[in-house]
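Listed here are the chains, written in short residue letters.
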Amino acid sequence: MRALSLFSGIGGLDRAAHAVGIETVAFCEIEPFAVRILNKRFPGIPVFDDVRKVTKDGVGAVDVVHGGFPCQDLSVAGKQAGLEGARSGLWYEMLRVIRELRPAYVLAENVRGACNLALPAVVSGLEG
């Protein structure tokens, strides 16, 4: 199986996927420190620095799209702006990528606050 990793962080989910035979074909991560870790752990795998730049032409066919879209606008520790917030609103870019790539599987993770502030929109988007 081939996977695209969005909002990859330092690749924890990707290491677990690799352990069960899932190949990560590309990452998307904006934070420079995390990108350095990804490049060290997964040499030669491309890293997009902005989810808005991720396209099917740049990634190719994948079976899985996974990632933890930003939680700052969903967390009880934040302002709880929901998906209207600039950071957590990047969910809509993840959804755009999912719609374009049409993987067999999607794994989107987030904080508990997402259940109240984002779950209906996430489910609706995936159903569509």
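Residues numbered from 1 in each chain as written. Predicted model: local features only at pLDDT ≥ 70, side-chain atom pairs only at ≥ 80, totals over all residues. Heavy atoms only, no water.

1. Points about the overall build of the chain
Logical step 1: Scanning the chain from N- to C-terminus turns up six helices and five strands.
Logical step 2: If you list the helices and strands of the chain from N to C, you get β-α-β-α-β-α-β-α-β-α-α.
Logical step 3: Within the chain, the proportion of its 128 residues that are buried is 43%.
Logical step 4: Here the analysis covers contacts within the chain between residues at least 6 apart in sequence; of these, 58% occur between residues at least 24 apart.
Logical step 5: Here the chain displays about 7300 Å² of accessible surface, and carbon together with sulfur accounts for 55% of that area. (Helix = DSSP H or I, 4+ residues; strand = E, 2+ residues; numbered from the N terminus. Buried < 20%, exposed > 50% of the residue type's maximum accessible area, 1.4 Å probe, protein only. Contact = heavy atoms within 4.5 Å. Areas by Shrake-Rupley, 256 points an atom, 1.4 Å probe, with all protein chains shown as cover.)

2. Focus on the sheet that holds strand β4 (residues 64-67)
Logical step 1: Across the sheet, five strands lie side by side as β3-β2-β1-β4-β5; this open sheet has parallel pairing. The open sheet terminates on both sides in strands that have one partner only, identified here as β3 (47-48) and β5 (105-108). (Pairing = 2+ DSSP bridges.)

3. Quick notes on the pairing of strand β1 (residues 2-6)
Logical step 1: By the criterion of burial, β1 is predominantly enclosed, with four of the five residues buried.
Logical step 2: Summarising the sheet, β1 and strand β2 (residues 23-28) pair through five bridges and their orientation is parallel. Looking at β2, one finds that alanine 3 is bridged to threonine 24.
Logical step 3: Examined bridge by bridge, β1 and β4 share four bridges and lie parallel to one another.

4. A short note on the environment of phenylalanine 48
Logical step 1: Considering the arrangement of structural elements, one finds phenylalanine 48 in strand β3.
Logical step 2: According to the relative accessible area criterion, phenylalanine 48 is buried, its value standing at 16%.
Logical step 3: Sequence separation of phenylalanine 48 and serine 5 is 43 residues, and the distance between their C-alpha atoms is 9.9 Å.
Logical step 4: Filtering out sequence-adjacent residues up to four positions away, phenylalanine 48 remains in contact with Ala26, Phe27, Cys28, Glu29, Lys53, Val54, Gly58 and Val59.

5. A short note on the side chain of glutamate 93
Logical step 1: The residue glutamate 93 is located in helix α4 (residues 91-101) in this model.
Logical step 2: A polar atom in the side chain of glutamate 93 sits 2.7 Å from the side chain of arginine 96.
Logical step 3: Not counting residues within four places of it along the chain, the set of residues in contact with glutamate 93 comprises Val51 and Arg52. (Polar contact = N/O pair within 3.5 Å; in protein donor to acceptor, adjacent residues only side chain to side chain.)

6. Examining the packing of aromatic side chains
Logical step 1: According to the stated counting rule, one finds one aromatic pair in the structure shown.
Logical step 2: Between phenylalanine 27 and phenylalanine 42, the ring centres sit 5.0 Å apart and the planes meet at 50°, which makes this aromatic pair tilted. Of this pair, phenylalanine 27 sits in strand β2 while phenylalanine 42 sits in the loop between α2 (32-41) and β3, and the two are 15 residues apart along the sequence. Residue phenylalanine 27 shares its accessibility class with phenylalanine 42, and that shared class is buried. (Phe/Tyr/Trp six-rings, centres within 6.5 Å; stacked < 30°, edge-to-face > 60°.)

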